[in-house]
Amino acid sequence: MNKLCTFLISLALLITAFSCKKETEILKPEQEQSPETPGTGSPASGTTASGAVTPVGTPVGTLLTAVIGPAGSSIESEDKRIRVDIPAGALTSNQTISVQPLDQNHCPGGTGQAFRLLPHGLTFDQPATISFRYGNEDLTNFAAEALAIVYQTDKDIWEAPVGQELDKNRKTISVKTTHFSD
């Protein structure tokens, strides 16, 4: 009975997670939705937006910054929950990169700390890798396989790329992106 209950809860959370997704291999800014009305309209990529629309989080806590240039480097949140690895050649000049915790995770069915990566709208010539570290407290009601990284578009629509990598040994989930947003 416990296994069936766990399976059903995991399935429900997975369905909820997919309700706020857009699937892409590497997240690119030109793939973001720009509907006339959130959740509908004529997006730039030629598909219909399908993610949930919620408020944007408010910055709280310590804003961490690092100057990263063409050689690449990484930045990690104070609590080590999020890490951004920017490879060599991703930037053509030095950029001040920041990680800012947000007051809450507004994604429907979301768990864990939300962050803002700055500067908003920054694009990379080579995909950067964003990795989240999860803990046992994040797996209270479902399996690690149900975790996903999601972001909010400029229209406050929640979306997530496919191709996310789960490493259960390191307790991380990672995604490649060519731009920053919440």
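Look up: the structure comes first, before these words.
Okay, so let's go over this structure. A quick note: this is a predicted structure, and the numbers were derived from the prediction, not measured.

When you go through the protein residue by residue, the secondary structure sums to one helix and 10 strands. Counting from the amino terminus, helix and strand elements in the protein follow one another as α-β-β-β-β-β-β-β-β-β-β. Counting across all 182 residues of the protein, residues that qualify as buried make up 38%. Looking at the protein alone, contacts between residues at least 24 apart form 67% of all its contacts between residues at least 6 apart. Of the accessible surface of the protein, which amounts to about 9,500 Å², a share of 53% is contributed by carbon and sulfur atoms.

One pass over the full model with this rule turns up five salt bridges. Between Glu 76 and Lys 80 there is a salt bridge, with the nearest N and O atoms lying 3.6 Å from each other. Glu 76 gets classed as partly exposed once you look at its relative accessible area, which sits at 22%. Residue classification places Lys 80 among the partly exposed positions, given a relative accessible area of 45%.

This paragraph deals with unusual backbone geometry. Cis peptide bonds are those with omega within 30 degrees of zero, and the linkage from Leu 118 to Pro 119 qualifies with 5 degrees. Positionally, Pro 119 belongs in the loop between β5 (115–118) and β6 (123–133). Despite not being glycine, Lys 80 has its phi angle at roughly 65 degrees, a positive value. With respect to the element layout, Lys 80 can be found in the loop between β2 (73–76) and β3 (82–86). Phi is positive for Lys 171, close to 55 degrees, though the residue is something other than glycine. Relative to the helices and strands, Lys 171 resides in the loop between β9 (165–167) and β10 (172–179).

What follows covers the nonpolar core. One finds Val 84, Ile 86, Ile 97, Leu 117, Phe 124 and Phe 180 to be the most contacted residues of the largest nonpolar core, which totals 24 residues. In this view, Val 84 contacts Ser 73, Ser 74, Ile 75, Leu 117, Thr 129, Ile 130 and Phe 180; residues no more than four positions away in its chain are not counted.

What follows covers the sheet that holds β9. Strand order in the open sheet made by the five strands is β2-β3-β6-β10-β9, with antiparallel pairing throughout. On the outer flanks of this sheet lie β2 and β9, each paired with one strand and no other. Sheet twist, expressed as the average angle between the axes of neighbouring strands with direction ignored, equals 20 degrees. Relative to β10, β9 runs antiparallel, the two sharing three bridges. By the bridge assignment for β10, Leu 166 is matched with Ile 173.

Parameters at a glance
- Residues numbered from 1 in each chain as written.
- Predicted model: local features only at pLDDT ≥ 70, side-chain atom pairs only at ≥ 80, totals over all residues.
- Heavy atoms only, no water.
- Helix = DSSP H or I, 4+ residues; strand = E, 2+ residues; numbered from the N terminus.
- Buried < 20%, exposed > 50% of the residue type's maximum accessible area, 1.4 Å probe, protein only.
- Contact = heavy atoms within 4.5 Å.
- Areas by Shrake-Rupley, 256 points an atom, 1.4 Å probe, with all protein chains shown as cover.
- Salt bridge = Lys/Arg side-chain N within 4 Å of Asp/Glu carboxyl O.
- Core = buried A, V, L, I, M, F, W, Y, C linked by side-chain atoms within 4.5 Å.
- Pairing = 2+ DSSP bridges.
- Axes fitted to C-alpha atoms, helices over the stretch in contact; angles between N-to-C directions.

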